[in-house]
Amino acid sequence: MLSLHNKVSEVTNFFGKTNPVDLVKEFGSPLYVYNENIFRERCSELKNLLTYPHFSVNYSVKANGNLSLIKIARDEGLSVDAMSPGEIYVELKAGFKPEQILYISNNVSKEEMQFAIDHGILTSVDSLSQLEMFGQINEGGRVCVRFNPGVGAGHHEKVVTGGKKTKFGVDPNFVPQVKALLAKYKLRLVGINQHIGSLFMEGGHYVEGVQSVLRLAEQFENLEFVDMGGGFGIPYHKQAGQKRLDLKELATQLDQVLFDWTKRYGKQITFKIEPGRYVVAESGSLLGTAHAIKENYGMKYVGTDLGFNVLKRPVLYDSHHDVEIYRESNRPSTHTEVVNIVGNICESGDIIAKERELPEIFEGDIINVLDAGAYGYCMASNYNNRLRPAEVLITSSGEAKLIRRRDTFEDLIRNFEE
Ligand SMILES: *Cc1c(COP(=O)(O)O)cnc(C)c1O
């Protein structure tokens, strides 16, 4: 196999004892591939982030809910967040105990709320209206409230979830109303949480967000925890030398803030974070195949099976993913050229990598879309009646293990009624 442009996966020994060409032959193309060592490393990095003693990492499984991966996260000592009853269901299947799950609900029905209550899972509510609903069905219960302290951050407008122009959380001006509802239904507020947005690369914004949620927390007595949110970023531009988020510096700042605050509060409560992307993005790669090369009006297009049905981020958020290229034959590429790597979906926006300078690509080459572990498979769809790909884990011993089979044609008609 010829590896053109493969520095990132080479450094991490991403493919272990196997290689991308053989993986695609065995499991089909496109294919999601995860590396267990990298996944475990990210889990333990976060688990050991702080010196503050009461700290827990809730993996936000919406980033990647593969059962095998969340079992590994459990093995690494992480807890989990759930955004829906479906996520709760899968997390319980993975062996998480109800007390290890925090249900961060958003505009849910009574039935969905009841589902969490029936399973003994703590729920965080997102509005006064939902706090009232919770009180009506679970008077005297324990509850958490998500606040929106008016600070937001993120890599794209669509993922900024805090701040004055988003749908999330309770406006802190309504603290008196929150207190009134807690009293009315004899609810015990055990925690508050926030999530200001996704993909911060500097710790400063996060710490600011934490400080504002802590100011809010002071208005409530007897909290058991404050959940500071997720959003820890990863460098998507590794080939251009982008630096990693400085976790050490962030940890130093956070530790200071938390120790100081708990002294004032008078109780060493638990602090939680809820990272999704940071845990899983870099442990995932998406392999695809170049099937057609052409030039249209002066632009070179590499046509692949990597449509936005498989990886939606570039189309949804204009996201950048680095790509690598591998070739089964030893035929070299003699020059580089600027290309658009596109998918096979009938929409002109179906571009996975825009205007990239890459070694000349031939039909049959394998394209590796890096850092595709988060918000990859979970956003994949059957659009155009395409089959969602298989998922494979490169285990710690370097072997490939199938952890989700590829869709079949029968899957496409499974739910039809006639
Ligand atoms: C999406 C989400 C997360 C995880 O975000 P990442 O950017 O993947 O870390 C955490 N908490 C909440 C409430 C979310 O909606």
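Here the structure is a predicted model, which means the values were calculated and not measured.

Caption draft 1: Structural view of the nonpolar core. Among the nonpolar cores identified, the biggest contains 101 residues, and Tyr-59 and Ile-341 are the most heavily contacted of them. Sorting elements by how many residues they give to this core places helix α10 (residues 247-265) first, with 8 residues. Shared between two domains, this core takes at least three residues from each, and those domains are domain 1 (2-34 + 282-412) and domain 2 (36-279). In this structure, Tyr-59 is in contact with Asn-64, Ile-70, Ala-73, Leu-78, Ser-79, Val-80, Asp-81, Pro-275, Gly-276, Val-279 and Val-280, ignoring residues within four places of it in sequence.

Caption draft 2: Inspection of the side chain of Ser-29 at higher detail. On the secondary structure map, Ser-29 appears in the loop between α2 (20-27) and β2 (31-35). A polar contact of 2.7 Å, which involves the side chain of Ser-29, links it to the side chain of Thr-289. The residues contacting Ser-29, other than those within four sequence positions of it, are Val-24, Leu-287, Gly-288, Thr-289, Asp-305 and Arg-406.

Caption draft 3: Up close: the layout of surface pockets. By volume, the second largest pocket is sized at about 270 Å³. Along its surface, the second largest pocket is lined by 14 residues, and Glu-99, Gln-100, Ile-101, Leu-122 and Lys-272 are the ones closest to its centre. Taken together, the elements giving at least two residues each to the lining of the second largest pocket come down to β3 (55-60) and β5 (101-104). Across the lining of the second largest pocket, the residue classes break down as 5 nonpolar, 5 polar and 4 charged.

Caption draft 4: Looking closely at the UniProt feature "binding site: pyridoxal 5'-phosphate" (unreviewed entry) in the protein chain. Sites flagged by UniProt as "binding site: pyridoxal 5'-phosphate" (unreviewed entry) map to Gly-231, Glu-274, Pro-275, Gly-276, Arg-277 and Tyr-375. By relative accessible area, Arg-277 is classed as buried at 5%. Looking at the element boundaries, Tyr-375 is found in the loop between β16 (366-369) and β17 (390-394).

Caption draft 5: The arrangement of helix α5 (residues 85-93) in detail. Among the residues of α5, those classed as buried are Pro-85, Glu-87, Ile-88 and Glu-91. Each buried residue of α5 sits inside an arc of 155° when the element is viewed along its axis, so together they form one side. In the core, the buried residues of α5 are packed alongside α4 (67-75), β4 (79-82), β5 and α6 (110-118). Of the residues one or two after α5, Gly-95 is the one with positive phi, at around 100°.

Caption draft 6: Examining the site of the ligand more closely. Of all residues adjacent to the ligand, which total 14 residues, the nearest are Lys-62, Ser-198, Glu-274, Arg-277 and Tyr-375. The side chain of Ser-198 places a nitrogen or oxygen atom 2.3 Å from an oxygen atom of the ligand. Note that an oxygen atom of the ligand is positioned 2.8 Å from one of the backbone N or O atoms of Gly-231. With the chains in place, 95% of the 390 Å² that the ligand exposes on its own is no longer accessible. Residues that form the shell around the ligand fall into these classes: 4 nonpolar, 6 polar and 4 charged.

Caption draft 7: Local environment of the domain arrangement of the protein chain. The assigned domain composition of the protein chain is domain 1 (2-34 + 282-412) and domain 2 (36-279). In this structure, domain 1 and domain 2 have C-alpha centres spaced 32 Å apart. Contacts between domain 1 and domain 2 engage 30 residues on the former and 27 residues on the latter. Here domain 1 packs against domain 2, burying approximately 2,500 Å² in sum over the two surfaces, 49% of which is carbon and sulfur. Of all residues in domain 1, Glu-282, Tyr-317 and Tyr-375 bury the most surface against domain 2, accounting for 29% of the area lost on that side. Inspection of the domain 1/domain 2 interface yields 4 salt bridges. Ionic pairing is found between Lys-238 and Glu-282, a salt bridge with its closest N-O pair at 3.0 Å. Viewed at the interface, domain 2 and domain 1 are joined by 14 residue pairs in polar contact (both at pLDDT 80 or more). Of all the secondary structure elements, the ones that give two or more residues to the side of domain 1 that touches domain 2 are α1 (7-12), α12 (313-317), β13 (323-327), β17 and β18 (400-404). Split into classes, the residues belonging to the side of domain 1 that touches domain 2 amount to 13 nonpolar, 10 polar and 7 charged.

Rules of the game
- Residues numbered from 1 in each chain as written.
- Predicted model: local features only at pLDDT ≥ 70, side-chain atom pairs only at ≥ 80, totals over all residues.
- Heavy atoms only, no water.
- Core = buried A, V, L, I, M, F, W, Y, C linked by side-chain atoms within 4.5 Å.
- Buried < 20%, exposed > 50% of the residue type's maximum accessible area, 1.4 Å probe, protein only.
- Helix = DSSP H or I, 4+ residues; strand = E, 2+ residues; numbered from the N terminus.
- Domains from an automatic or database assignment.
- Contact = heavy atoms within 4.5 Å.
- Polar contact = N/O pair within 3.5 Å; in protein donor to acceptor, adjacent residues only side chain to side chain.
- 1 Å grid on protein atoms, 1.4 Å probe; cavity = no way out; pocket = protein on both sides within 12 Å on 5 of 7 lines; lining within 4 Å.
- Points joined across faces, edges and corners; volume = space filled by probe spheres on them.
- Nonpolar A, V, L, I, M, F, W, Y, C, P; charged D, E, K, R; others polar.
- UniProt positions renumbered as here; feature names shortened; annotations may be inferred.
- Arc of directions from axis to C-beta.
- Near = heavy atom within 4 Å.
- Areas by Shrake-Rupley, 256 points an atom, 1.4 Å probe, with all protein chains shown as cover.
- Buried area = accessible area lost by both parts, 1.4 Å probe.
- Salt bridge = Lys/Arg side-chain N within 4 Å of Asp/Glu carboxyl O.

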